[in-house]
Amino acid sequence: MSIQTVGIIGAGTMGNGIAQVCAQAGLDVVMVDISEAAVQKGLATIAGSFDRLIKKEKLTAEQKAAALARIKPSTSYDDLKAAQLVIEAATENEALKIKILGQLDALLAPEVIVATNTSSISITQLAAKTQRADRFIGMHFFNPVPMMALVEIIRGLQTSDATHAAVHELSTRLGKTPITVKNAPGFVVNRILVPMINEAFFVLSEGLASPEDIDAGMKLGCNQPIGPLALADMIGLDVCLAVMNVYMEEFNDSKYRPCPLLKEYVAAGWLGRKTGRGVYSY
């Protein structure tokens, strides 16, 4: 299938980022959210991102105008009918995603591919809730989408080879490097990353080093661009804890036990950058 129009459900951080890279790659985009205010906020974020690229001389004003013209903002799912691929980028809530998938099944032509940008929910499980399980797949983009080169393509048990091939080719068109992953909790990147963050909390709780020294050690010793504790603050400590709880439940392996200090920070409401206080104060 040739994909020229991409529908995106959600104009938030991930949705508007995906919309931006699709429009930059020459694709037509329909970006849908529940309110006009949410859609316009998403558009404004994209415009601001383009302006930063112009300042860095990575984009011209003409290219910005052309890309923005390819994005159709909407509050109506009916506008998604023009798409050959619809990417669901709503909040990480399984019940909400299942509701959206049901709406899409009733609306879209049978051959349309549906992808979800989930970072933790089973692709096989979500596919089973649709009428197009063979044309359902995971596309896990990373934040910030315009900057991050990776897309995890997650195949559910039911995902067809043709669906995988189409999404893999599209990811390459977007200038991303796709990796193909089997369906499992955390997929690949978060399966490795979040337990590392959890271990950094154990190191902190044992008083082995200060937060600054732990982060400096991983940055300078492992060439990571940001330390694990600062990254946890950026992700949200509540999100990190939720992911560890999923791993513990799904794998029933004590190596995924959430660090008590991480649980204590979340209980205190110290969730990171979004609350002004996490491991560090902002």
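Rules of the game
- Residues numbered from 1 in each chain as written.
- Predicted model: local features only at pLDDT ≥ 70, side-chain atom pairs only at ≥ 80, totals over all residues.
- Heavy atoms only, no water.
- Helix = DSSP H or I, 4+ residues; strand = E, 2+ residues; numbered from the N terminus.
- Rg over C-alpha atoms; globule rule 2.2 N^0.38 Å.
- Buried < 20%, exposed > 50% of the residue type's maximum accessible area, 1.4 Å probe, protein only.
- Contact = heavy atoms within 4.5 Å.
- Areas by Shrake-Rupley, 256 points an atom, 1.4 Å probe, with all protein chains shown as cover.
- Lys, Arg positive; Asp, Glu negative; His and termini not counted.
- Charge placed at Lys NZ, Arg CZ, Asp CG, Glu CD.
- Salt bridge = Lys/Arg side-chain N within 4 Å of Asp/Glu carboxyl O.
- 1 Å grid on protein atoms, 1.4 Å probe; cavity = no way out; pocket = protein on both sides within 12 Å on 5 of 7 lines; lining within 4 Å.
- Points joined across faces, edges and corners; volume = space filled by probe spheres on them.
- Nonpolar A, V, L, I, M, F, W, Y, C, P; charged D, E, K, R; others polar.
- Pairing = 2+ DSSP bridges.
- Right-handed = clockwise from strand over helix to strand, strands pointing away.
- UniProt positions renumbered as here; feature names shortened; annotations may be inferred.
- Core = buried A, V, L, I, M, F, W, Y, C linked by side-chain atoms within 4.5 Å.
- Patch = residues over 30% accessible without salt bridge, like charges linked within 9 Å, V, L, I, M, F, W, Y side chains within 5 Å.

## As for the overall build of the protein
- Across its full length, the protein carries 11 helices and eight strands.
- The C-alpha atoms of the protein give a radius of gyration of 20 Å, which matches the 19 Å a tight globule of 282 residues would have.
- Expressed as lengths along the three principal axes of its C-alpha atoms, the size of the protein is roughly 55 × 45 × 30 Å.
- Counting the 282 residues in the protein, one finds 45% classified as buried.
- Taking all contacts inside the protein whose residues are at least 6 apart in sequence as the whole, residues at least 24 apart take part in 66%.
- Accessible area of the protein: about 13,300 Å², with a carbon and sulfur share of 55%.
- Charge-centre separation for the protein: the mean point of 26 positive side chains lies 3 Å from the mean point of 28 negative side chains.

## Observations concerning the pattern of salt bridges
- The final tally for this structure, using the stated rule, is eight salt bridges.
- Note that Lys97 is salt-bridged to Glu92, the shortest N-O span being 3.8 Å.
- You can call Glu92 partly exposed: its relative accessible area is 36%.
- Between Asp161 and Arg155 there is a salt bridge, with its nearest N and O atoms 2.8 Å apart.
- Relative accessible area serves as the criterion here: at 57%, Asp161 is assigned to the exposed category.
- Ionic contacts of the salt-bridge type, sharing partners, join the residues Glu88, Glu92 and Lys97 into one network.

## Regarding the layout of surface pockets
- Estimated volume of the largest pocket: approximately 1,600 Å³.
- What lines the largest pocket is a set of 44 residues, and nearest its centre among them are Met14, Ser119, His140, Asn143 and Ile235.
- For the lining of the largest pocket, the class distribution of residues is 28 nonpolar, 13 polar and three charged.
- When its volume is computed, the second largest pocket comes out at roughly 450 Å³.
- Secondary-structure elements contributing two or more residues to the lining of the second largest pocket are helix H1 (13–24) and helix H2 (36–55).
- Of the residues forming the lining of the second largest pocket, the biggest block, six residues, is contributed by H1.
- Its residues placed into classes, the lining of the second largest pocket shows eight nonpolar, eight polar and four charged.

## Focus on the pairing of strand S1 (residues 5–9)
- Of all five residues in S1, five are buried, a share of seventy percent or more.
- Neither face of S1 is exposed, since Thr5, Gly7 and Ile9 on one face and Val6 and Ile8 on the opposite face are all buried.
- Here five bridges tie S1 to strand S2 (residues 28–32), and the two strands are oriented parallel to one another. Looking at S2, one finds that Ile9 is bridged to Val32.
- Taken together, S1, H1 and S2 form a β-α-β motif whose crossover is right-handed.
- The pairing of S1 with strand S4 (residues 85–88) spans four bridges and is classified as parallel. Note on S4: the bridge partner recorded for Val6 is Leu85.

## Structural notes on the UniProt feature "domain: 3-hydroxyacyl-CoA dehydrogenase C-terminal" (unreviewed entry) in the protein
- UniProt's feature table lists "domain: 3-hydroxyacyl-CoA dehydrogenase C-terminal" (unreviewed entry) at residues 186–282, given in the numbering used throughout.
- End C-alpha atoms of residues 186–282 are separated by 28 Å, and the span's content is 62% helix alongside 0% strand.

## Examining the nonpolar core
- One finds Val6, Ile18, Met31, Leu85, Ile87, Met139 and Phe141 to be the most contacted residues of the largest nonpolar core, which totals 36 residues.
- A per-element tally of this core places H1 first, with six residues.
- When sequence neighbours within four positions are dropped, the list of residues in contact with Ile87 reads Val6, Gly7, Ile8, Ile9, Ile18, Ala115, Met139 and Phe141.
- Counting residues in hydrophobic clusters, the runner-up holds 21 residues, among them Ile9, Ala83, Val112 and Phe187.

## A look at a positive patch on the surface
- Taken together, the side chains of Arg52, Lys55, Lys56 and Lys58 make up a positively charged region of the molecular surface.
- One can find Lys56 in the loop between H2 and helix H3 (61–69).

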